Amino acid sequence: MMRMAADVIRPEIRALSSYPVQNAAGMIKLDAMENPFTFPASFRAGLAGALAGASLNRYPSAAAEELKCDLRQAMHIPDSLDILLGNGSDEIIQLIAMATARPGARLLSVEPAFVMFRMIATFCGLHYIGVRLRADFSLDLPAMLDAIQREQPAVTFIAYPNNPTGNLFDRAAIGEIISAAGHYGGLVVIDEAYFAFARDTFLDQIADYPNALLMRTVSKLGLAGIRLGMLIGRAEWLVEFDKLRLPYNINALTQAAAGFAMRHYEPLLQQAELLKAERSRLAMALDRIDGIRCFPSEANFILIRVADAGHSFAHLVSRRILVKNTSGSHPLLANTLRLTVGTPAENDALIAALQTST
Ligand SMILES: *Cc1c(COP(=O)(O)O)cnc(C)c1O
């Protein structure tokens, strides 16, 4: 008898839905934490030259050593730490999950957090454990330590700052989590996707922990289109994940573009500074609107609570502004919207639209 998808596909995969991406044609796009700016003309010209010089007839450099050097210099990554590159940090999460998915193994994170932690756990057959944050989105350290002792997770992911809440967790609490996880032989990955917008990082401290790694991406920095993420840490971990990495996972155009961008890093940092200034301006304007509560952010987005998120979301769409309706994705996120910080003009349009939505 012929077997059908329903018989062949794992039930937990059949129960999933594909990652939803909203159609944003013709809209002010403030839903996905993209950098809204284009690059200066001289940067674009240099980038075009770098891409034209890429050898597209050849497979790309498998180890991408030159690109790693450029990343190391731009981001001040010490020589004592190794780098592994992924097709976005999403691929790195997947490599880590595949490598740690022994029968019964657990992947732990906080709730609400970046949805890919839970989704990739499911893809790879890891049991996902989500520990609820407090109502103010801070870490519930006793609950985390309890869960680590009870579940003994193979790997724990903590985004610093967190998405979708935007806050940095308490540094000392993260240190305790790393130590507790290490006590049970677990790895902790600090996901710094928003490092360019935050005032703190674990880069200087990651080497102090035998069981912690740091993950970054260039996506939120203005290069979401090229798909490049990085894992930073001790070689003893990275060599194992590297065995699962598909050969040539970082294509030649990405290597050329990212290399150029890292050697001309200043415009990217300037844009990040501008977005931080816009974040403050946007937060202040939102705070003045009756019926909006604005949560503090160290990222390039702001989470707000409104009276009726569905109503506000629809009102913004009617004004051709697309944000993320996070309401409904977790009880702690009831009636929240996640607003990516845009250009000054986009933020003005957002503020004006929200002023008339409550
Ligand atoms: C956006 C985001 C990522 C995804 O990064 P890519 O490199 O684009 O795959 C990872 N972690 C967090 C917390 C994010 O918000």
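Just so you know, these numbers come straight off a predicted model, no measurement behind them. (Residues numbered from 1 in each chain as written. Predicted model: local features only at pLDDT ≥ 70, side-chain atom pairs only at ≥ 80, totals over all residues. Heavy atoms only, no water.)

### Here's the deal with the overall build of the protein
Scanning the protein from terminus to terminus reveals 13 helices and 13 strands. By the compact-globule yardstick of 21 Å for 358 residues, the protein fits well, its C-alpha radius of gyration being 21 Å. C-alpha atoms of the protein, sized along the principal axes, occupy 55 × 55 × 55 Å. When burial is assessed residue by residue, the protein has 52% of its 358 residues classed as buried. (Helix = DSSP H or I, 4+ residues; strand = E, 2+ residues; numbered from the N terminus. Rg over C-alpha atoms; globule rule 2.2 N^0.38 Å. Buried < 20%, exposed > 50% of the residue type's maximum accessible area, 1.4 Å probe, protein only.)

### Considering empty space enclosed by the protein
Scanning the entire structure with this criterion turns up one cavity of 30 Å³ or more. The space that makes up the largest cavity amounts to roughly 40 Å³. Around the largest cavity, the lining residues are Ala62, Ala63, Ala64, Lys68, Leu84, Leu85, Asp242, Arg245, Asn249 and Ile250. (1 Å grid on protein atoms, 1.4 Å probe; cavity = no way out; pocket = protein on both sides within 12 Å on 5 of 7 lines; lining within 4 Å. Points joined across faces, edges and corners; volume = space filled by probe spheres on them.)

### Side note on the pattern of salt bridges
Applying the stated criterion across every chain, the model contains 17 salt bridges. For the salt bridge of Arg150 with Glu151, the shortest nitrogen-to-oxygen distance reads 3.3 Å. For Arg150, a relative accessible area of 57% gives the class exposed. Among the residues examined, Glu151 registers a relative accessible area of 17% and is labelled buried. Between Glu298 and Arg199 there is a salt bridge; the shortest N-O distance is 2.7 Å. A residue pair is termed long-range when its members are at least 10 positions apart, and Glu298 in the loop between β9 (293–294) and β10 (301–305) and Arg199 in the loop between β6 (187–191) and β7 (212–217) qualify at 99 residues. Judged by relative accessible area, Glu298 falls into the buried class, the value being 11%. A residue is classified by how much of its surface remains accessible, and Arg199, at 69% relative accessible area, is exposed. The structure contains a network of salt bridges with shared partners spanning Lys29, Asp31 and Glu34. (Salt bridge = Lys/Arg side-chain N within 4 Å of Asp/Glu carboxyl O.)

### So, a nonpolar patch on the surface
Taken together, the side chains of Tyr19, Val21 and Val115 present a nonpolar region at the surface, about 300 Å² in accessible area. Along the chain, Val21 falls in the loop between α2 (11–14) and β1 (28–29). Val21 gets classed as exposed once you look at its relative accessible area, which sits at 70%. (Patch = residues over 30% accessible without salt bridge, like charges linked within 9 Å, V, L, I, M, F, W, Y side chains within 5 Å. Areas by Shrake-Rupley, 256 points an atom, 1.4 Å probe, with all protein chains shown as cover.)

### Considering the sheet that holds β7
Pairing is mixed across the open sheet formed by seven strands, whose spatial order is β2-β8-β7-β6-β5-β3-β4. Either end of the sheet is taken by a strand with one partner, and the two such strands are β2 (82–86) and β4 (127–132). Neighbour to neighbour, the strand axes of the sheet diverge by 25° on average, direction disregarded. Relative to β4, strand β3 (residues 106–111) is paired through six bridges, and the arrangement is parallel. The residue of β4 that forms the bridge with Glu111 is Arg132. In this fold helix α7 (residues 141–151) packs onto β3, β4 and β5 (155–159), with an angle of close to 165° to the strand it touches most, β3. (Pairing = 2+ DSSP bridges. Axes fitted to C-alpha atoms, helices over the stretch in contact; angles between N-to-C directions. Contact = heavy atoms within 4.5 Å.)

### Thoughts on the site of the ligand
What surrounds the ligand is a group of 13 residues, the closest being Asp191, Tyr194, Thr217, Ser219 and Lys220. Taking Tyr194, its side chain carries an N or O atom lying 2.6 Å from an oxygen atom of the ligand. One nitrogen or oxygen atom from the side chain of Ser219 is found 2.6 Å from an oxygen atom belonging to the ligand. Protein contact buries 94% of the 390 Å² of open area that the ligand shows by itself. Among the detected pockets, the ligand sits in the largest pocket. (Near = heavy atom within 4 Å. Polar contact = N/O pair within 3.5 Å; in protein donor to acceptor, adjacent residues only side chain to side chain. Sits in = over half its atoms within 2 Å of the grid points.)

### As for the packing of aromatic side chains
Throughout the structure, instances matching the rule amount to nine aromatic pairs. Centre to centre, the rings of Phe114 and Phe117 are 5.5 Å apart; their planes meet at 85°, and the pair counts as edge-to-face. Across the pair, exposure class does not vary: Phe114 and Phe117 are buried alike. Centroid distance Tyr160 to Phe202: 4.9 Å. Interplanar angle 75°. Geometry classified as edge-to-face. Of this pair, Tyr160 sits in the loop between β5 and α8 (171–183) while Phe202 is found in the loop between β6 and β7, placing the two residues 42 residues apart along the sequence. Each member of the pair, Tyr160 as well as Phe202, carries the same accessibility label: buried. Taken together, the aromatic side chains of Phe39, Phe43 and Phe260 make up a single cluster linked through ring pairs. In this structure, Arg171 packs its charged tip against the face of Phe202, placed 4.1 Å from the ring centre. Here the basic side chain of Arg216 rests over the ring of Phe195, its NZ or CZ set 4.1 Å away from the ring centre. (Phe/Tyr/Trp six-rings, centres within 6.5 Å; stacked < 30°, edge-to-face > 60°. Lys NZ or Arg CZ within 6 Å of the ring centre and 35° of its normal.)

### A few points about the sheet that holds strand β13 (residues 336–340)
By definition, the strands of a sheet pair up through backbone hydrogen bonds, in either a parallel or an antiparallel sense. Pairing is antiparallel across the open sheet formed by four strands, whose spatial order is β9-β10-β13-β12. What marks the edges here is a single partner per strand, and that holds for β9 and β12 (324–325). In the packing of helix α11 (residues 266–287) onto the sheet, contacts are made with β9, β10 and β13, and the angle to β10 comes to roughly 10°. Each of β12 and β13 touches helix α12 (residues 309–318); the most contacted strand, β13, lies at about 35° to it.

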